[in-house]
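The lines below spell out each chain.
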Amino acid sequence: MNSLNSTLSPNTTLVRPPFFFINGFYDVPHAKYYYVFLCFVFVVTVLGNSFVMFIIYTEHSFHTPKYSAIFNLVVADLGGSTALIPNLFATFIFDSQYISFDACLANMFFVFFFVTLQSLTLTVLAYDRLVAICLPLRYHAIITMQAMAVILTVVWTYDSVLLILMVSLITRLSFCKSIVVESYFCDHGPLYKLACNDNLINSIMAKLTMVLFLYLPLILTVLSYAFIAGALFKIASWEGRFKAIKTCSAHLMLVAINYLPIMGTYIAAHTFTLHPNARIINTSLSNAIPPMMNPIIYVLNTEEVKEFSKKLFKRKGNNHK
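Our subject in this report is the structure included herewith. It should be emphasised that the depicted structure is a prediction, and the values quoted were computed from it without experimental measurement.

### Let's talk about the pattern of salt bridges
Alright, step 1. Under the criterion given, the structure shown has one salt bridge.
Alright, step 2. Between Arg129 and Asp128 there is a salt bridge whose closest N-O contact spans 2.7 Å. We note that Arg129, like Asp128, is buried.

### A look at the packing of helix α3 (residues 65-92) against helix α6 (residues 145-168)
Alright, step 1. Orientation of α3 relative to α6, taken along the N-to-C sense of each, is 25 degrees, at an axis distance of 9 Å. Our classification of the angle between α3 and α6 gives roughly parallel. Note on packing geometry: the crossing formed by α3 with α6 is right-handed. Side by side, α3 and α6 meet where Pro65, Ser68, Ala69, Asn72 and Val75 of the first sit next to Met145, Met148, Leu152 and Trp156 of the second.
Alright, step 2. Broken down by class, the residue content of the contact of α3 with α6 amounts to seven nonpolar, two polar and no charged.

### Let's talk about the packing of aromatic side chains
Alright, step 1. A full pass over the atoms with the stated rule returns 14 aromatic pairs.
Alright, step 2. Measuring from ring centre to ring centre gives 5.1 Å for Phe19 and Tyr98, while their planes differ by 85 degrees; the resulting arrangement is edge-to-face. Here Phe19 is found in strand β1 (residues 19-22), whereas its partner Tyr98 is found in strand β2 (residues 98-100), with 79 residues between them in sequence.
Alright, step 3. Every member of this aromatic cluster is reached through a ring pair, and the members are Phe109, Phe110, Phe113, Phe114 and Trp156.

### Comments concerning the environment of Asn258
Alright, step 1. When you line up the elements, Asn258 lands in helix α9 (residues 238-271).
Alright, step 2. The class of Asn258 is buried, set by a relative accessible area of 11%.
Alright, step 3. In this structure, the C-alpha to C-alpha distance between Asn258 and Asn294, residues 36 residues apart in sequence, is 9.1 Å.

### Things to note about the environment of Phe101
Alright, step 1. Relative to the helices and strands, Phe101 resides in helix α4 (residues 101-134).
Alright, step 2. Relative accessible area serves as the criterion here: at 5%, Phe101 is assigned to the buried category.
Alright, step 3. A C-alpha to C-alpha distance of 6.7 Å links Phe101 and Pro17, two positions 84 residues apart in sequence.

### Observations concerning the packing of α4 against helix α8 (residues 200-233)
Alright, step 1. Direction vectors running N to C along α4 and α8 enclose 15 degrees, while the axes themselves pass 9 Å from each other. As judged from the angle between their axes, α4 and α8 are roughly parallel. Taken as a pair, α4 and α8 cross one another with a handedness that is left-handed. Where α4 approaches α8, its residues Thr116, Ser119, Leu120, Leu122, Thr123, Ala126, Tyr127, Arg129, Leu130, Ile133 and Cys134 are matched on the opposing element by Leu212, Phe213, Pro217, Leu220, Thr221, Ser224, Tyr225, Phe227, Ile228, Ala231 and Leu232.
Alright, step 2. Among the residues forming the contact of α4 with α8, the class breakdown is 16 nonpolar, five polar and one charged.

Calculation notes
Residues numbered from 1 in each chain as written. Predicted model: local features only at pLDDT ≥ 70, side-chain atom pairs only at ≥ 80, totals over all residues. Heavy atoms only, no water. Salt bridge = Lys/Arg side-chain N within 4 Å of Asp/Glu carboxyl O. Buried < 20%, exposed > 50% of the residue type's maximum accessible area, 1.4 Å probe, protein only. Axes fitted to C-alpha atoms, helices over the stretch in contact; angles between N-to-C directions. Helix = DSSP H or I, 4+ residues; strand = E, 2+ residues; numbered from the N terminus. Parallel < 35°, antiparallel > 145°, perpendicular 65-115°, else oblique. Left-handed = near helix turned anticlockwise from the far one by under 90°. Contact = heavy atoms within 4.5 Å. Nonpolar A, V, L, I, M, F, W, Y, C, P; charged D, E, K, R; others polar. Phe/Tyr/Trp six-rings, centres within 6.5 Å; stacked < 30°, edge-to-face > 60°.

Structure representation (structure tokens):
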């Protein structure tokens, strides 16, 4: 690795190393126990999300706009976990910390694409709850399958275009300082900071994507619940309020699980000096845990999913008798 770094001369117009070195969990003590935990998380994530995907696909009563958005969230969860955790195992358990330049950019795109897709889909689900509670009589006229298909197409396009732009801007950088990426995957921030030419546009892009994929969706979600809270105060009976709150409880839990850990990590990093190992573990948990919890929360908190699950297991039990 040192020999490669010595050949990367700042005088070269554009230095593109053949590979990068992912340093991530290299110095984390007892890291193998953490890999076992992540393995468990990945298995539960795949099983849980596959089950939710199966019931939405097979049960006709779930072919609704709301469950189309939930299906989209499941795809984002599965995609994000698959882009992140198996690669993490391959990198650190099998001692394969070198990654080619093109593979690094592909890894960056897919990890960020699915993580941000989760955030955007939660905002779509907040809009669905907003219309359901604030405009209940017009819900089926506003939230149609066609309208949801358009919304999700816009979300995928918005996500793809911005992230293709973010990743493609890495190709204009010259890497002559180092090839060691201080993260557990080809993370955008640690990677563009290795450049020895002007990386201002990459820095701006990093901040812009943070605003457009984290802060803006969170603000829109909070605003949706501010309007929902206003509508709940207009409901005369406590029973009616409780019923409306119950329809939002699963979504509120998902929002908390998705946003609180990552926001806490960013606030801690900007407030005081956060140890690199602490940052890496916190961000990896923030990306790994929500995809595992999302299907569990929906299965446990959504009445129609619980009823379908009971029927499914009863049917299987009767078939075995």
